[in-house]
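Here are the chains, one letter per residue:
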Amino acid sequence: PKGKGNIRTLAVLDLESKRHYWLTVFAQDHGVVPLHARLEVFIAVENENDNIPLTLEPVYYTSVPENTPSGKLVVELKAEDYDLDPSQRLTFQITSGNPYGSFSINPDTVVTVMKSYKSCRQELKENIRTVISNISKQELNSCGVIITVSDIPRALFHTQICFT
């Protein structure tokens, strides 16, 4: 007689929790004097892209004065992805809140001024939404970046004329 033993999972396996399992399997017949065999089974858990990238802050707040030149660093976003994949790289992109194209983001985390605000009669707030994705583009997360563009006070020039 032939028999078959199938090993099945009873729970979700996660590489980030446990990388592998060693199982000991016994096969036994039902003879008058039972005989058995023992087998060691190694199960390696394969990596799955199952963790979303998370920024270290849910919202980043920063400010820049008007007339800030193009290319100026505004804020650096930092994120982590807890999948154990050494080749994985996170990328960033601005998805909303930048209607005038005043800001750009390097795919590697840095928000910079794209166009300078020439004149600002009041404080402006730009609510930028950024999306973080890993290289497989499967898991996405987003965070807010609040950038206040502040008005630089104008110097008042006074001329004093004296009459004698």
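Here the structure is a predicted model, which means the values were calculated and not measured.

K.L.:
How should I be thinking about the overall build of the protein in this particular structure?
P.N.:
Of the regular secondary structure elements, the protein holds 0 helices and 11 strands. In the protein, the succession of helices and strands from N to C terminus is β-β-β-β-β-β-β-β-β-β-β. When the 164 residues of the protein are sorted by exposure, 28% land in the buried category. Taking the intrachain contacts of the protein between residues at least 6 apart in sequence as the baseline, contacts between residues at least 24 apart amount to 61%. Accessible area for the protein stands at about 12300 Å²; split by element, carbon and sulfur atoms hold 56% of it.

K.L.:
Explanation requested: the packing of aromatic side chains in the structure shown.
P.N.:
Aromatic ring pairs are described here by two measures, namely the spacing of the ring centres and the angle between the planes. For the coordinates displayed, the defined rule picks out 1 aromatic pair. Positioned above the aromatic ring of Tyr21, the side-chain terminus of Lys18 is 5.2 Å from the ring centre.

K.L.:
How should I be thinking about the pattern of salt bridges in this particular structure?
P.N.:
A pair can form between side chains of opposite charge whenever their charged atoms are brought close. The final tally for this structure, using the stated rule, is 1 salt bridge. Two residues, Glu40 and Arg38, come together in a salt bridge whose shortest N-O distance is 2.5 Å. Glu40 sits in the partly exposed class, given a relative accessible area of 36%. With a relative accessible area of 57%, Arg38 lands in the exposed category.

K.L.:
Before we go on, may I ask you to explain the nonpolar core in this structure?
P.N.:
The nonpolar side chains of soluble globular proteins are, as a tendency, buried together. Counting 12 residues, the largest nonpolar core consists of Tyr60, Val64, Val74, Val75, Leu77, Phe92, Phe103, Ile105, Cys143, Val145, Ile147 and Val149. Of all the secondary structure elements, the ones that give two or more residues to this core are β4 (59-65), β5 (73-76), β8 (103-105) and β11 (140-150). Looking at this core element by element, the count peaks at 4 residues for β11.

K.L.:
Before we go on, may I ask you to explain the environment of Ile43 in this structure?
P.N.:
Along the chain, the position of Ile43 falls in strand β2 (residues 36-44). In the structure, Ile43 is positioned 21 residues away from Trp22 in sequence and 6.4 Å away in space, judged by C-alpha atoms. Apart from the residues lying within four places of it in its own chain, the contact partners of Ile43 are Ile7, Arg19, His20, Tyr21 and Leu23.

Cut-offs and rules
Residues numbered from 1 in each chain as written. Predicted model: local features only at pLDDT ≥ 70, side-chain atom pairs only at ≥ 80, totals over all residues. Heavy atoms only, no water. Helix = DSSP H or I, 4+ residues; strand = E, 2+ residues; numbered from the N terminus. Buried < 20%, exposed > 50% of the residue type's maximum accessible area, 1.4 Å probe, protein only. Contact = heavy atoms within 4.5 Å. Areas by Shrake-Rupley, 256 points an atom, 1.4 Å probe, with all protein chains shown as cover. Phe/Tyr/Trp six-rings, centres within 6.5 Å; stacked < 30°, edge-to-face > 60°. Lys NZ or Arg CZ within 6 Å of the ring centre and 35° of its normal. Salt bridge = Lys/Arg side-chain N within 4 Å of Asp/Glu carboxyl O. Core = buried A, V, L, I, M, F, W, Y, C linked by side-chain atoms within 4.5 Å.

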